[in-house]
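# Breakdown of the fold
If you want the building blocks of each chain, they are given just below.
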Amino acid sequence: MLNKSKYAFIMGFLIFTLFPVLWMLKISLTPDRLLFSEGITAWPSEITFQHYYSVLVEGSIPDYFLNSFIVSFSTAAMVTVIACLAGYGLSRFSFKGRTAIMTILLITQMFPIVMIIAPIYNVLTYINLVDHIAGLVLVYTAFNLPFACFLMQSFFDGSPVELEEAAMIDGYTRFQALEKVTLPLCLPGIGATLGFVFTAAWSELLFALMFINRQSQMTFPAGIMNFVTKFSVDWGQMAAAMILALIPVCIFFSYIQKFIVQGLTAGALKG
């Protein structure tokens, strides 16, 4: 009875989670003339791939996808590297100012984003990075770094320091012990950090709208707003674009998943 209840709960959760995706897929395959005339149906009586063709061939969505991938991957890589080093330092060393640094990192998460848009815009203007994806990478890195540091610190705290000490007794330097012993044990944390930052940068809209005006520099979340005009909304193409936007994220997570699983057993058992 308990197993049936568990499976029923899981099935209900999956339906609740996947329903918006399935509804977007349905809209993306529905011809424009049937979107409002056919009413609410589980599946359209006629399907078309014209919306996908228009998105991929006739519009600028591929350029937006490329910009989003460059921004998201660059941000995830930079944040993960810096967070690994910072998290390791905060976890393994006691130094003057450590508590102050952690407090400042925590305080940075308390400010509303809309409160600091104007100062950030002034900074980006001063360094000539307004209307450029490099400016978005810089902003996304700054905003995701504090949480990533705390996340990596928690994983380093859970890694036995005795393994590092044993490796250094065997002749490893501290950096070699970090590279060959501690990091393999923390692969789940590295994978989680990569996934969190990549997803956050991929789906971020407010900064992309505020700091990017040129079509050639727009990311996908900002570019998709072009489907909304003053008098109409192109629901079919918008749904098709959002379905396509799920593909890179799914591919990225399917790739880092093996590192997350690998990290559960790697490191301590290697001779």
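Calculation rules
- Residue numbers run consecutively from 1 along every chain, following the written order of its sequence.
- The predicted origin of the model limits local features to residues at a pLDDT of at least 70 and limits the giving and counting of side-chain atom pairs to 80 or more, whereas totals for whole chains, interfaces and linings rest on all residues.
- Values shown for side chains rest on all heavy atoms present in the structure; no hydrogens or waters enter the calculation.
- Helix numbers and strand numbers start at the N terminus; a helix is a DSSP run of H or I with at least 4 residues, a strand a run of E with at least 2.
- Here the term buried applies to any residue with accessible area under 20% of the maximum for its type, exposed to any over 50%, and partly exposed to those in between, with areas from a 1.4 Å probe on protein chains only.
- The contact rule is simple, with two residues in contact once any of their heavy atoms fall within 4.5 Å.
- Areas reported here follow the Shrake-Rupley algorithm with a probe of radius 1.4 Å; residue values treat only the protein chains shown as occluding.
- His residues and chain termini do not enter the charge count, which takes Lys and Arg as positive and Asp and Glu as negative.
- By convention, the charge on Lys lies at NZ, on Arg at CZ, on Asp at CG and on Glu at CD.
- Nonpolar core, defined: a set of buried Ala, Val, Leu, Ile, Met, Phe, Trp, Tyr and Cys residues in which side-chain atoms within 4.5 Å join the residues together.
- Note on patches: the residues involved have over 30% relative accessible area and no salt bridge, like charges join within 9 Å, and the nonpolar side chains Val, Leu, Ile, Met, Phe, Trp and Tyr join within 5 Å.
- The term salt bridge refers to a side-chain nitrogen of Lys or Arg lying within 4 Å of a carboxyl oxygen of Asp or Glu.
- Segmentation into domains, and thus their bounds, comes from an automatic or database assignment.
- Each of two parts loses accessible area, computed with a 1.4 Å probe, when they are put together; buried area is these two losses added.
- Simply put, an axis is a line fit to the C-alpha atoms, just over the touching stretch for a helix, and the angle between two N-to-C directions goes from 0 to 180 degrees.
- For classification purposes, angles smaller than 35 degrees are called roughly parallel, those larger than 145 roughly antiparallel, those between 65 and 115 roughly perpendicular, and all remaining angles oblique.
- Nonpolar residues are Ala, Val, Leu, Ile, Met, Phe, Trp, Tyr, Cys and Pro. Charged residues are Asp, Glu, Lys and Arg, and all others, Gly as well, are polar.

### With respect to the overall build of the protein chain
Scanning the protein chain from terminus to terminus reveals twelve helices and zero strands. If you list the helices and strands of the protein chain from N to C, you get α-α-α-α-α-α-α-α-α-α-α-α. Counting over 271 residues, the protein chain shows a buried share of 38%. Sequence-distant contacts, at least 24 apart, represent 71% of the contacts inside the protein chain between residues at least 6 apart. Put simply, the protein chain shows about 15900 Å² of open surface, and 72% of that area lies on carbon and sulfur atoms. Distance between charge centres in the protein chain, computed from 13 positive and 14 negative side chains, equals 7 Å.

### Some points on the nonpolar core
Ranked by size, the top nonpolar core spans 55 residues in total, and within it Ile 61, Leu 136, Phe 207, Phe 211 and Phe 220 carry the most contacts. Setting aside its immediate chain neighbours within four residues, Phe 211 contacts Ile 117, Ile 120, Tyr 121, Leu 124, Val 130, Asp 131, Leu 136 and Val 139.

### Some details on a nonpolar patch on the surface
Taken together, the side chains of Leu 106, Ile 107, Met 110, Phe 111, Ile 113, Val 114, Met 115, Leu 205, Leu 206, Leu 209, Met 210 and Met 225 make up a nonpolar region of the molecular surface, amounting to roughly 1100 Å² of accessible area. At the level of secondary structure, the elements contributing two or more residues to the nonpolar patch comprise helix 4 (98–107), helix 5 (113–126) and helix 10 (206–211). Counting through the fold element by element, Phe 111 comes out in the loop between helix 4 and helix 5. By relative accessible area, Phe 111 is classed as partly exposed at 41%.

### With respect to the domain arrangement of the protein chain
Domain boundaries in the protein chain define domain 1 (17–48) and domain 2 (59–267). Listed as interface residues are seven residues of domain 1 and, on the opposing side, seven residues of domain 2. Summed over both sides, the interface of domain 1 with domain 2 buries roughly 590 Å², with 85% coming from carbon and sulfur. Three residues, Met 24, Ile 27 and Ser 28, lead the burial of domain 1 against domain 2; their summed loss comes to 59% of the area buried on that side. On inspection of domain 1 and its partner domain 2, the count reaches zero salt bridges.

### What to know about the pattern of salt bridges
Enumeration according to the criterion identifies four salt bridges in this entry. For the salt bridge of Glu 46 with Arg 33, the shortest nitrogen-to-oxygen distance reads 2.5 Å. Taken together, the positions of Glu 46 in the loop between helix 1 (2–28) and helix 2 (50–58) and Arg 33 in the loop between helix 1 and helix 2 put the pair 13 residues apart, joining distant regions of the chain. Here Arg 174 makes a salt bridge to Glu 164, at a shortest N to O gap of 3.8 Å. Placement of Arg 174 in helix 8 (residues 174–185) and of Glu 164 in helix 7 (residues 161–169) is noted, with a sequence separation of ten residues between them. On the basis of relative accessible area, Arg 174 is assigned to the partly exposed category, the value being 34%. Exposure remark for Glu 164: the relative accessible area of 1% places this residue in the buried category.

### Concerning the packing of helix 8 against helix 9 (residues 187–203)
The angle between the axes and the distance between the axes are what describe a pair of packed helices. The interhelical angle for the contact between helix 8 and helix 9, taken along N-to-C directions, is 65°, at an axis separation of 4 Å. Comparing their axes, helix 9 and helix 8 come out roughly perpendicular. Here Leu 183, Pro 184 and Leu 185 of helix 8 lie close against helix 9, whose contacting residues are Leu 187, Pro 188 and Ile 190. Among the residues forming the contact of helix 8 with helix 9, the class breakdown is six nonpolar, no polar and no charged.

### Looking at the side chain of Thr 219
If you trace the backbone, Thr 219 turns up in the loop between helix 10 and helix 11 (220–223). Ignoring sequence-local partners within four residues, the contact set of Thr 219 consists of Tyr 64, Asn 67, Ser 68, Val 71, Leu 136 and Ala 208.

### Structural notes on the environment of Ile 10
With respect to the helices, strands and loops of the structure, Ile 10 is situated in helix 1. Residues Ile 10 and Ala 177 lie 167 residues apart in sequence; the distance between their C-alpha atoms is 42 Å.

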